[in-house]
Amino acid sequence: MRMKKRDPIDENNRTLSPAEQRRQDRFDAICAALTEKGYRMTELVISIVKANVIVLVSAVPLLIIGGGLFFLVNHPVHLELSVMRPLLFLIIYFLLIPVHELIHGITWAVFSENHWKDIEFGVMWQLLTPYCNCKAPLKKGPYLTGGLMPLLVLGIIPSAIGIAAGSLWLLLMGLLMILSAGGDILICLKLVRYQTDAQETLIYDHPTKGGCVVFER
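Looking at the confidence of the model for the protein chain
Looking at the protein chain, pLDDT values average 85 and 89% of them are 70 or higher. Taken element by element, the predicted model of the protein chain shows its lowest mean pLDDT in strand β2 (residues 119–124) (83) and its highest in helix α4 (residues 140–165) (95). This model gives residues 1–8 a pLDDT under 50, and the stretch forms seven contacts once residues within four places in sequence are excluded.

Below, the structure written as structure tokens:
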């Protein structure tokens, strides 16, 4: 039977890649096993497209706050301008994108049962979104830690150092990496705000969408 062609922008109905289908099949098996043990499932997902829009809207106030703190601490400011600086800045930024996902993986691997064997990397090409996926359910604390670690390591710490050291380029890179962690922030906020009275809770990284799945009993 010929399948109907789907809109690649439709996140809910897009055609899954072979890697995503394998993750979906693995998730279905885990879901069935946990359901038999009495767990109930709740999806906490975000729209990747909407998340990108929120990030763009957040860029202006973030730059204002970061720039304001920088110029407040560092006065007067001496800027070094050259043709190579913006090019080098872009190169470093694109190199930090896989590093962002690597930090997710390293952190989750520490807490995961099979450690590095439970970590998978890839790209959702239809949405131009790189990802790190943990194949095993995690406790809430470890999941949040892994979800927010790139924000801390690549965003908050470099921004703080940039302000303290008077490095505008380091501050801008840190702020850009904070924006790059916008989806992670939204997912973690959604998980933190999710209220449950369950005695046991496991968090599973969603196999094909931005977000996670809560198993509780």
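Observations concerning the environment of T196
Relative to the elements of secondary structure, T196 occurs in the loop between α6 (182–193) and β4 (201–205). In this structure T196 comes out as partly exposed when scored by relative accessible area, which is 33%. Of the polar contacts made by the side chain of T196, one reaches the backbone nitrogen of A198; its length is 3.1 Å.

Notes on helix α5 (residues 168–180)
Between its first and last C-alpha atoms α5 spans 18 Å; for 13 residues at 1.5 Å apiece the expected length is 18 Å, and the two agree. For α5, the set of buried residues is L171, M173, G174, L175, M177, I178 and L179. Turning to α5, the residues buried within the fold contact α2 (48–73), α3 (84–111), α4 and α6.

Looking at the packing of aromatic side chains
Per the stated rule, a full pass over the model turns up seven aromatic pairs. Geometrically, the ring pair formed by F70 and F71 is edge-to-face, given 5.4 Å between the ring centres and 90° between the ring planes. Ring plane angle 55° and centroid distance 5.9 Å describe the contact between F89 and W169, whose orientation is recorded as tilted. Of this pair, F89 sits in helix α3 while W169 is found in helix α5, placing the two residues 80 residues apart along the sequence. Given the relative accessible area of 15%, F89 is considered buried. For W169, a relative accessible area of 26% corresponds to the partly exposed category. Taken together through their ring pairs, the aromatic side chains of F27, Y204 and F215 make up a single cluster.

Topic: the nonpolar core
In terms of nonpolar packing, the biggest core is built from 17 residues, with W108, I119, Y143, L191, I203 and C212 touching the most fellow members. Contributing elements (two or more residues each) for this core: β1 (40–46), α3, β3 (129–134), α4, α6 and β5 (210–216). Among the elements that make up this core, the one with the highest residue count is α6 (three residues). Setting aside its immediate chain neighbours within four residues, L191 contacts L44, K140, Y143, L144, I203, C212 and V214. Among the nonpolar cores identified, the runner-up in size contains nine residues, and L34, Y39, L202 and Y204 belong to it.

Quick notes on the rules
- Residues numbered from 1 in each chain as written.
- Predicted model: local features only at pLDDT ≥ 70, side-chain atom pairs only at ≥ 80, totals over all residues.
- Heavy atoms only, no water.
- pLDDT = per-residue confidence, 0-100.
- Helix = DSSP H or I, 4+ residues; strand = E, 2+ residues; numbered from the N terminus.
- Contact = heavy atoms within 4.5 Å.
- Buried < 20%, exposed > 50% of the residue type's maximum accessible area, 1.4 Å probe, protein only.
- Polar contact = N/O pair within 3.5 Å; in protein donor to acceptor, adjacent residues only side chain to side chain.
- Expected span 1.5 Å × (residues − 1).
- Phe/Tyr/Trp six-rings, centres within 6.5 Å; stacked < 30°, edge-to-face > 60°.
- Core = buried A, V, L, I, M, F, W, Y, C linked by side-chain atoms within 4.5 Å.

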